[in-house]
Structure formats: structure tokens, C-alpha cells
Amino acid sequence: MARRILLLGPPGAGKGTQATLISSALHVPHISTGEMLRAAVAARTDLGKQAESVMAAGELVSDELVVAIVDERLAQEDARCGYLLDGFPRNVAQADALNDSVVNAIGTVVLLNVDAEEVIARMMHRAEEEGRADDNEEAIRRRLEVYSADTIPLVTFYGSAVLDVDGMGSVDAVFSRIMIALARS
Ligand code: AMP
């Protein structure tokens, strides 16, 4: 059965790390809009040039641009038997756009719950390690506000499809909680 999973959680919750592990365990592609956008910025494409300052400020790139890149990605062969979405949909308008195409409806949502203090600490740590343009105090604050205002409503949107997972603790501990929750769903 095709597994179409959305990994949801605040910025800094460890979605990227967990998504890599889940995608290799379940043999589904990991589709991260943040990664695709960062690659576009690095490659100086038109999309990247439009997205760069928006991302650096911690705001959301326009739904139109993001929905277009996701549509293109989901049309690729490797996404036919399922996928793991990370960072998309990010708001209800994007979720509606995804729902409009029945084949791409999300079956399961994994919600990673991590304390606010912990996500800030993880993002500050990542800033030192990776130097992401949006891992500075101002942008972090804004990304957390955007998460609360725009992304949290997806929990209600997806209702009973949401699996609540404790995202605190080691990478391995969180990963096994996710796999147990998915196996039970
Ligand atoms: P992420 O790596 O998922 O934390 O995304 C980094 C940044 O890319 C976000 O703060 C947004 O500026 C942008 N971004 C990623 N995914 C989306 C999306 N689905 N909609 C709008 N902007 C996005």
C-alpha cells in the first residue's frame, strides 16, 4: 500500500533528521520543500532569487511557488508508491491544494512534539554547525510564530490522521517512537 506521510512539527524539531531515517526504513522518497528551496537559492535560479530574502526572514514563500514545485516533484516516478513530506503543506491553503489531487491525499500525519525551549536550543546549535541563513534569533522567532499561526491549524485539518509523537530525547529514541506509531496506524 502506498504510504503518503506528512511529518509535522515546529522548526528545529528534528524533522529533517527523522525524515531521512523514516524514508530509508519505509523506502519512500523524502520530499522536503525547505531543501528544494535552499537548493534553488544556492543554484541562483529564478525561484531561488524570489525565495531567498523571504526565507532568510523566516516568512513563508508564496503558496503558488511552493505548490508548483511540489506538484512537479510528486509527478516523478519515485513518488508513485508513496512519499514522506517534510515542510509541506505548511498552511491550510497548501493542504487544500494537495487534497484537490486525490492521488496525493495524505494518509498519515506524524506530529513531532518538542518543547519551545528545546527547539530554540536545537536551532541555535544548527546555526553554529550549518550556518543556515534563517537560523538567527530574529528569524527563529518569526518561524516559530509562523508555525503557530499557519501550520498548527493543520492538526485540526488532518484530524484523526494525526499521530502524536514525543519528539524529545535522542534521535534513536524519537525514531523508534515514530516507527511504533506508524506500525500501529
Ligand atoms: P524548512 O527547512 O522546512 O524549515 O524551511 C525553511 C524555509 O523555507 C521556511 O522558513 C520557509 O521560508 C521556506 N519553506 C519551506 N517549505 C515551505 C512551504 N511549504 N511553504 C512556504 N515556505 C516554505
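In this numbering scheme, every chain counts its residues from 1 along its sequence in written order. For this predicted model, a pLDDT threshold of at least 70 governs which residues receive local features, and a threshold of 80 or more governs which side-chain atom pairs are given and counted, while totals over whole chains, interfaces and linings are taken from all residues. Side-chain measures here rest on the full set of heavy atoms in the structure, leaving out hydrogens and waters.

## Digging into the layout of surface pockets
The method is simple in principle: a probe with the dimensions of a water molecule rolls over the atoms, and the space it marks as empty is what remains.
Here is step 1: Here a cavity denotes a set of grid points, spaced 1 Å apart and computed over the protein atoms alone, in which a 1.4 Å probe fits but from which it cannot get out, and a pocket denotes an open set meeting protein on both sides within 12 Å along at least five of seven lines; residues with an atom within 4 Å of a point are reported as lining. Grid points are joined across faces, edges and corners, and a volume is the space filled by probe spheres set on the points. Of the pockets and cavities examined, the largest pocket occupies roughly 1100 Å³.
Here is step 2: Lining the largest pocket we find 49 residues, and of these Gly12, Lys15, Arg126, Arg132 and Arg143 sit closest to its centre.
Here is step 3: Labels follow the DSSP assignment, with helices taken as runs of H or I lasting at least four residues and strands as runs of E lasting at least two, numbered in each case from the N terminus. Where the lining of the largest pocket is concerned, the elements lending two or more residues are β1 (3-8), α1 (15-26), β2 (30-32), α2 (33-42), α6 (116-130), α7 (137-151) and α9 (171-184).
Here is step 4: Of all the elements, α6 adds the most residues to the lining of the largest pocket, at 6 residues.
Here is step 5: Under the grouping applied here, Gly and all other residues not named as nonpolar or charged are polar, the nonpolar ones being Ala, Val, Leu, Ile, Met, Phe, Trp, Tyr, Cys and Pro and the charged ones Asp, Glu, Lys and Arg. For the lining of the largest pocket, a count of residues per class yields 18 nonpolar, 18 polar and 13 charged.

## Observations concerning unusual backbone geometry
Here is step 1: Pro89 follows Phe88 through a cis peptide bond whose omega is -5°.
Here is step 2: If you trace the backbone, Pro89 turns up in the loop between β3 (82-86) and α5 (92-99).
Here is step 3: Phi angles above zero are rare outside glycine, and His27 is one such case at about 60°.
Here is step 4: Checked against the element boundaries, His27 lands in the loop between α1 and β2.
Here is step 5: Given the relative accessible area of 69%, His27 is considered exposed.
Here is step 6: At Arg44, a residue that is not glycine, the phi angle is positive and equals roughly 55°. The classification of residues rests on relative accessible area computed with a 1.4 Å probe and restricted to protein chains. Under 20% of the type maximum is buried, over 50% is exposed, and intermediate values are partly exposed.

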